[in-house]
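So you can see what is in the structure, the chains are spelled out below.
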Amino acid sequence: MKIFVATILLLISFYIVKVDLIEGTIPLAYSSQPVECEKKLDYITVEIVAGDTLHSLFSLYPSNESITFTERLTDFYNLNPHFINQSFKVGENVLLPVYALSAECK
């Protein structure tokens, strides 16, 4: 009876070691899962002065991250949908997109 119990305990311990080596802590430590870098869209409020255009606003407040003009323009119109068919007026506040990478990407 002692040999039977010892054999069962030995098989259970081998099974536990096998599962730990295949699915457990060691493969998780060495797996290379890519970190997803998301661009976080924040905005700043800017007051329009005489002579301001979209190009001048984007050049006065450049982005720290590399982003195309088209993407930045799309985000601008998502933040300010009322400017799609309207020009700027002096004294009006607009929201300009500011980009920052998530903490995992830095």
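Structure: above.
Okay, so let's go over this structure. Every value quoted in this text rests on a predicted model; they were computed, and no experiment measured them.

Things to note about helix 4 (residues 69-79)
Among all positions in helix 4, only R72, D75 and F76 are buried. Summarising the axial view, the buried residues of helix 4 lie within an arc of 105°, below the 170-degree limit, and thus occupy one face. Residues of helix 4 that are exposed and point over 90 degrees away from its buried face: T70 and N78.

Focus: the side chain of D75
Examined against the element boundaries, D75 turns out to sit in helix 4. Of the side chains with opposite charge, R72 comes closest to the buried, unpaired D75, at an N-O distance of 7.7 Å. Residues contacting D75, with those up to four places away along its chain left out, are L41, I67, P97 and Y99.

Some words on the packing of aromatic side chains
Applying the stated rule across the entire model yields six aromatic pairs. Each ring, one from F58 and one from F76, has its centre 6.1 Å from the other, and the planes form 85°; the classification is edge-to-face. Here the residue F58 occupies a position in helix 3 (residues 54-60), and F76 occupies one in helix 4, the gap between them amounting to 18 residues. You can call F58 buried: its relative accessible area is 7%. Take F76: its relative accessible area is 1%, and that puts it in the buried class. Measuring from ring centre to ring centre gives 5.4 Å for F76 and Y77, while their planes differ by 70°; the resulting arrangement is edge-to-face. Residue classification places Y77 among the partly exposed positions, given a relative accessible area of 27%.

Brief notes about the nonpolar core
With nine residues, the main nonpolar core is built from V46, I48, L54, L57, F58, F76, F83, V94 and L96. Put simply, the parts of the chain that give this core at least two residues each are helix 3 and strand 2 (93-101). When residues in this core are grouped by element, the largest group, three residues, is from helix 3. Not counting the four nearest positions on each side in its chain, V94 is found in contact with I44, T45, V46, I48, L57, F76, N80, F83 and F88.

Here is what the cut-offs are and how they apply
Residues numbered from 1 in each chain as written. Predicted model: local features only at pLDDT ≥ 70, side-chain atom pairs only at ≥ 80, totals over all residues. Heavy atoms only, no water. Buried < 20%, exposed > 50% of the residue type's maximum accessible area, 1.4 Å probe, protein only. Helix = DSSP H or I, 4+ residues; strand = E, 2+ residues; numbered from the N terminus. Arc of directions from axis to C-beta. Lys, Arg positive; Asp, Glu negative; His and termini not counted. Salt bridge = Lys/Arg side-chain N within 4 Å of Asp/Glu carboxyl O. Contact = heavy atoms within 4.5 Å. Phe/Tyr/Trp six-rings, centres within 6.5 Å; stacked < 30°, edge-to-face > 60°. Core = buried A, V, L, I, M, F, W, Y, C linked by side-chain atoms within 4.5 Å.

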